[in-house]
Amino acid sequence: VNVPSFSNINIVWTPVTTETTEETPEYIVIHPNPVSSMASILGDGIKSFEVYNLEGILKIKAKGNEIDMSAVKPGIYLLKIVADSGTYMKKIIKI
């Protein structure tokens with residue numbers, strides 16, 4: 001049995017960083033969550049958002065409050081929300 005060698009693989013970890021340690025306020029809600037294709041960020045003053053996979057790779061970046069998750073694979077993602085009141089992180093699940 002031939003087993004491939006993995007000695008030449010470099011693994012790079014890029015953590016998702018934010019400038020906030022605040023918890024997401026209760027008035028910012030992701031609906032629906034879990035989501036199959038489209039979701040909305042419900043709350044006041046939503047400016048933009050970014051969706052990251054659990055490896056910290058940016059998958060979606062957009063302005064507004066409508067999230068089109070149709071192009072990403074099912075799984076758990078981190079949603080970085082930029083609002084007038086601050087920057088927040090929430091979990092979003094794609095089914």
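Conventions and cut-offs
Residues numbered from 1 in each chain as written. Predicted model: local features only at pLDDT ≥ 70, side-chain atom pairs only at ≥ 80, totals over all residues. Heavy atoms only, no water. Helix = DSSP H or I, 4+ residues; strand = E, 2+ residues; numbered from the N terminus. Buried < 20%, exposed > 50% of the residue type's maximum accessible area, 1.4 Å probe, protein only. Contact = heavy atoms within 4.5 Å. Areas by Shrake-Rupley, 256 points an atom, 1.4 Å probe, with all protein chains shown as cover. Pairing = 2+ DSSP bridges. Axes fitted to C-alpha atoms, helices over the stretch in contact; angles between N-to-C directions.

Q: Explain the overall build of the protein chain to me, please; I cannot follow it from the model alone.
A: Across its full length, the protein chain holds zero helices and seven strands. Ordering the α and β elements of the protein chain from the N terminus gives β-β-β-β-β-β-β. When each of the 95 residues of the protein chain is scored for burial, the buried share is 32%. Restricting the contact set of the protein chain to residue pairs at least 6 apart, pairs at least 24 apart contribute 53%. Accessible surface for the protein chain amounts to roughly 6500 Å². Of this, 54% is attributable to carbon and sulfur atoms.

Q: Would you mind showing me how to read the sheet that holds strand β4 (residues 58-63) here?
A: Backbone hydrogen bonds are what pair the strands of a sheet, in a parallel or an antiparallel way. Within the open sheet, the four strands sit side by side as β4-β3-β6-β7. Their pairing is antiparallel. Each end of this open sheet is capped by a strand with a single partner; those strands are β4 and β7 (86-94). Strand-to-strand twist of the sheet, defined as the mean angle between neighbouring strand axes without regard to direction, takes the value 20°. Note: strand β3 (residues 46-52) against β4, five bridges, orientation antiparallel. Bridge assignment links Ser48 to a residue of β4, and that residue is Lys63.

Q: When you look at the sheet that holds strand β2 (residues 38-42) in this model, what are you seeing that I'm missing?
A: Taking strand neighbours across the sheet as the criterion, the three strands line up as β1-β2-β5 in an open arrangement whose pairing is antiparallel. Unpaired on one side and paired on the other, β1 (29-31) and β5 (66-68) mark the two borders of the sheet. Shown here is a sheet whose adjacent strand axes are inclined to one another by a mean of 25°, direction ignored.

Q: Explain the environment of Thr87 here, please?
A: Inspection of the secondary structure puts Thr87 in strand β7. The exposure class of Thr87 is buried, given its relative accessible area of 10%.

Q: Just checking my understanding: could you explain the environment of Gly75 for this structure?
A: Its place among the elements puts Gly75 in strand β6 (residues 75-83). The sequence separation of Gly75 and Ile95 amounts to 20 residues, and the corresponding C-alpha distance is 6.7 Å. For Gly75, the contacting residues outside a window of four places in its chain are Ile92, Ile93 and Lys94.

Q: Please explain the pairing of β2 as it appears in this structure.
A: Two faces make up the sheet, and in a regular strand the side chains alternate between them. In this sheet, β2 lies alongside β1 in antiparallel orientation, the contact comprising three bridges. Counterpart to His31 in the pairing with β2 is Ser40. Hairpin geometry of β1 and β2 is characterised by an intervening segment of six residues between the two adjacent antiparallel strands. Summarising the sheet, β2 and β5 pair through three bridges and their orientation is antiparallel. Residue Ser40 lies in a different strand from β5, and its bridge partner there is Glu66.

Read these as spatial facts, not as claims about activity.
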